[in-house]
Amino acid sequence: MMGRLAVVLFNLGGPDGPADVRPFLQNLFSDPAIIGLPGFLRLPLARLISTRREKPAQANYALMGGGSPLLPQTYKQAGALQDALTGAADDVRVFVAMRYWRPLTEDTALEVAAYQPDDVVLLPLYPQYSTTTTASSLKAWAEAYDGSGQVHTVCCYPEAEGWVAAQVTAIRARLTEAGGRPVRVLFSAHGVPESVIKRRGDPYQAQVEAGATVLAEAAGLTDWSICYQSRVGPMKWLGPSTPEAIEQAARDGVGVIIVPIAFVSEHIETLVELDIEYAHLARELGVAPYLRCPTPSTDPAFISALSRAVRNALTGPSPAPYGPGCRSDFAACPCRESGAAA
C-alpha cells in the first residue's frame, strides 16, 4: 500500500484532574447513546447527574492521583501500534480520539484532516461492539470529520487471536499465583441496562458471552462465570453483577480471579472498582484469594491483533469485522447491511 495512512483509536476518555470531573460527566450523560431522552430533557438531566456525582467521582479519581490514567496509556498503545504498522503504508500515523474528554473527537478530526491521509482506519478500543460505546464514537466521528481519504472501520474483535492470547497469558499467571487454591474465574464486563440489548438489538452481551467461552476453553478453565460491573440507577441491568458473583463465590467457598473482559486499559473501573471496592468486599466475605488480571494494554499479542485488524480493514469490506466473534444477526450490528460479517 502507498500513501498516507491515518489510524484513529477511539476510547471514552477520562478527566485529567479534579476540575475536569464535572464537565467530563456532563459530556458523558449528554450523549443520547447513554441517556435516550430528547435533548430538552436529556441535557438538564445530564447537568443534574454530573453535579450530584462530582464529589464522589472526584474522591475515586483521587485514589489514582486526581485524574484518569486512560489517556497516557492510550498514547502508549498508539505508539506501539504505529511501530507494528511499519510498512503498511508509505507513512503511518496513529491518532487518539476520546468521546467525552480531551482530545475530543472533533479536535482529532481536525488533526487527521490536516495530515491529509489517503486512507483512514477507525479502530475502537472496545473489543465488543455496543451502541453505547463503538456506535457513539463512530457517529461522532462521522459528524466531525471533513477530510481526505477513504475511511475504513473495524467494528469489533471479541475473539481476535491476539486479544485472546493476551488474556489467556494473564489468566494463567494468576492461576499460578493462586497456588492450587480453589478459584473461580469471573469474566467481568462493564454493564449496560437490559433495555439496550433488547430494544436496540445490541450485540454486546452476546459478544461478551462468546468471548468468555473462547477464553475459558483456551485457558482450560473448569470453574468460571460471567458478571457485569458498574451498575447504577434503578433500571434493570445485565446480571449477575460482579459483587453478586463475588458473594456467590463466598457461599461456594472459592477464591476468585477477575478478568476485565471488556477493557483494554487500566482506568477507574479497574483500578478503583475492581482493585479497591470489590477487593474490600471480597475480604469482608472471606473470599481468598482475590486476584485480578491486568488489562492487555501494550501486550505484544494484543497490539499484533490491532495491527492485523487495521491491515484487514484496508483490504476488506467496511465496516470490517475482525475474528469469528463478529456476527451480523443483530439489529444494531453495523455489518448487517454491508454483509461483512465473518
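Residues numbered from 1 in each chain as written. Predicted model: local features only at pLDDT ≥ 70, side-chain atom pairs only at ≥ 80, totals over all residues. Heavy atoms only, no water.

1. Examining the overall build of the chain
Right, on to step 1. Counting its secondary structure elements, the chain contains 11 helices and 8 strands.
Right, on to step 2. Its C-alpha atoms give the chain a radius of gyration of 20 Å, near enough to 20 Å, the size a compact globule of 342 residues would have.
Right, on to step 3. Projected onto its principal axes, the C-alpha positions of the chain cover 60 × 45 × 40 Å.
Right, on to step 4. Expressed as a percentage of the 342 residues in the chain, the buried residues total 56%.
Right, on to step 5. For the chain, long-range pairs separated by at least 24 residues make up 78% of all intrachain contacts whose partners lie at least 6 apart in sequence.
Right, on to step 6. Of the roughly 14300 Å² of accessible surface on the chain, a fraction of 53% belongs to carbon and sulfur atoms.
Right, on to step 7. In the chain, the 28 positive side-chain charges and the 34 negative ones have mean positions that sit 6 Å from each other. (Helix = DSSP H or I, 4+ residues; strand = E, 2+ residues; numbered from the N terminus. Rg over C-alpha atoms; globule rule 2.2 N^0.38 Å. Buried < 20%, exposed > 50% of the residue type's maximum accessible area, 1.4 Å probe, protein only. Contact = heavy atoms within 4.5 Å. Areas by Shrake-Rupley, 256 points an atom, 1.4 Å probe, with all protein chains shown as cover. Lys, Arg positive; Asp, Glu negative; His and termini not counted. Charge placed at Lys NZ, Arg CZ, Asp CG, Glu CD.)

2. Here's the deal with the packing of helix α4 (residues 105–115) against helix α5 (residues 134–144)
Right, on to step 1. Packing of α4 against α5 leaves a shortest axis separation of 9 Å and a crossing angle of 50 degrees. As the angle between them shows, α4 and α5 are arranged oblique. The chirality of how α4 crosses α5 is right-handed. Seen from α4, the contacting residues are T105, E106, T108, A109 and V112; seen from α5, they are A140, W141 and A144.
Right, on to step 2. Here the contact of α4 with α5 is built from residues that sort into 5 nonpolar, 2 polar and 1 charged. (Axes fitted to C-alpha atoms, helices over the stretch in contact; angles between N-to-C directions. Parallel < 35°, antiparallel > 145°, perpendicular 65-115°, else oblique. Left-handed = near helix turned anticlockwise from the far one by under 90°. Nonpolar A, V, L, I, M, F, W, Y, C, P; charged D, E, K, R; others polar.)

3. Digging into the packing of aromatic side chains
Right, on to step 1. One pass over the structure, following the stated rule, counts 6 aromatic pairs.
Right, on to step 2. Geometrically, the ring pair formed by Y157 and F302 is tilted, given 6.4 Å between the ring centres and 45 degrees between the ring planes. Taken together, the residues span a long stretch of sequence, with Y157 in the loop between β4 (150–153) and α6 (161–178) and F302 in helix α11 (residues 300–315) at a distance of 145 residues.
Right, on to step 3. Members of the aromatic cluster, joined through ring pairs, are F10, W141 and Y145. (Phe/Tyr/Trp six-rings, centres within 6.5 Å; stacked < 30°, edge-to-face > 60°.)

4. With respect to the sheet that holds strand β3 (residues 119–124)
Right, on to step 1. Judged by pairing direction, the sheet is parallel, and its 4 strands sit side by side in the order β2-β1-β3-β4 without closing on themselves. Every interior strand has two partners, whereas the edge strands, β2 (91–98) and β4, have only one. Strand after strand, the sheet turns through a mean of 20 degrees between neighbouring axes, direction not considered.
Right, on to step 2. With 6 bridges connecting them, strand β1 (residues 4–11) and β3 associate as parallel partners. If you follow V8 over to β3, its bridge partner there is L122. (Pairing = 2+ DSSP bridges.)

5. Some details on the pairing of β1
Right, on to step 1. Summarising burial for β1: 7 of the 8 residues are buried, a large majority.
Right, on to step 2. Two strands pair when backbone bridges link them, and β1 and β2 are joined in this way by 8 bridges, in the parallel orientation. Across the sheet, the residue bridging to V8 is F95, located in β2.

6. Regarding the side chain of T108
Right, on to step 1. Following the sequence through the fold, T108 ends up in helix α4.
Right, on to step 2. A residue is classified by how much of its surface remains accessible, and T108, at 1% relative accessible area, is buried.
Right, on to step 3. Beyond its immediate stretch of four places on either side in the chain, T108 contacts V8, F95, V96, A97, P103 and W141.

7. Some details on the environment of V112
Right, on to step 1. Residue placement: V112 occurs in helix α4.
Right, on to step 2. On a C-alpha basis, the gap between V112 and S148 in space is 8.7 Å, while along the polypeptide they are 36 residues apart.
Right, on to step 3. Leave out the neighbours within four places in its chain, and V112 touches A6, V8, F95, P117, V120, W141 and Y145.

8. Thoughts on the nonpolar core
The nonpolar side chains of soluble globular proteins are, as a tendency, buried together.
Right, on to step 1. Counting residues in each nonpolar core, the largest one holds 60 residues, and the members touching the most others are L5, V7, L123, F187 and Y204.
Right, on to step 2. The dominant element in this core, judged by the number of residues it contributes, is α11, at 8 residues.
Right, on to step 3. If near-sequence neighbours (up to four positions away) are discounted, V7 is found in contact with L81, L85, R93, V94, F95, V121, L123 and V310. (Core = buried A, V, L, I, M, F, W, Y, C linked by side-chain atoms within 4.5 Å.)

9. Overview of the sheet that holds strand β7 (residues 255–260)
Right, on to step 1. Taken together, the 4 strands give an open sheet; going across it, the order is β6-β5-β7-β8, and neighbouring strands pair in parallel fashion. Each end of this open sheet is capped by a strand with a single partner; those strands are β6 (224–229) and β8 (290–292). Taken pair by pair, the neighbouring strands of this sheet meet at an average axis angle of 25 degrees, ignoring direction.
Right, on to step 2. Here strand β5 (residues 183–190) pairs with β7 via 6 bridges, running parallel. Paired with L186 across the two strands is I258, which belongs to β7.

10. Examining the pairing of β3
Right, on to step 1. Where burial is concerned, most of β3 is hidden: 6 out of the 6 residues are buried.
Right, on to step 2. Burial of the side chains of β3 extends over both faces: D119, V121 and L123 are buried on one face and V120, L122 and P124 on the other.
Right, on to step 3. Summarising the sheet, β3 and β4 pair through 4 bridges and their orientation is parallel. Of the residues in β4, the one forming a bridge with D119 is Q150.
Right, on to step 4. For the crossover from β3 across α5 to β4, the handedness is right-handed. (Right-handed = clockwise from strand over helix to strand, strands pointing away.)

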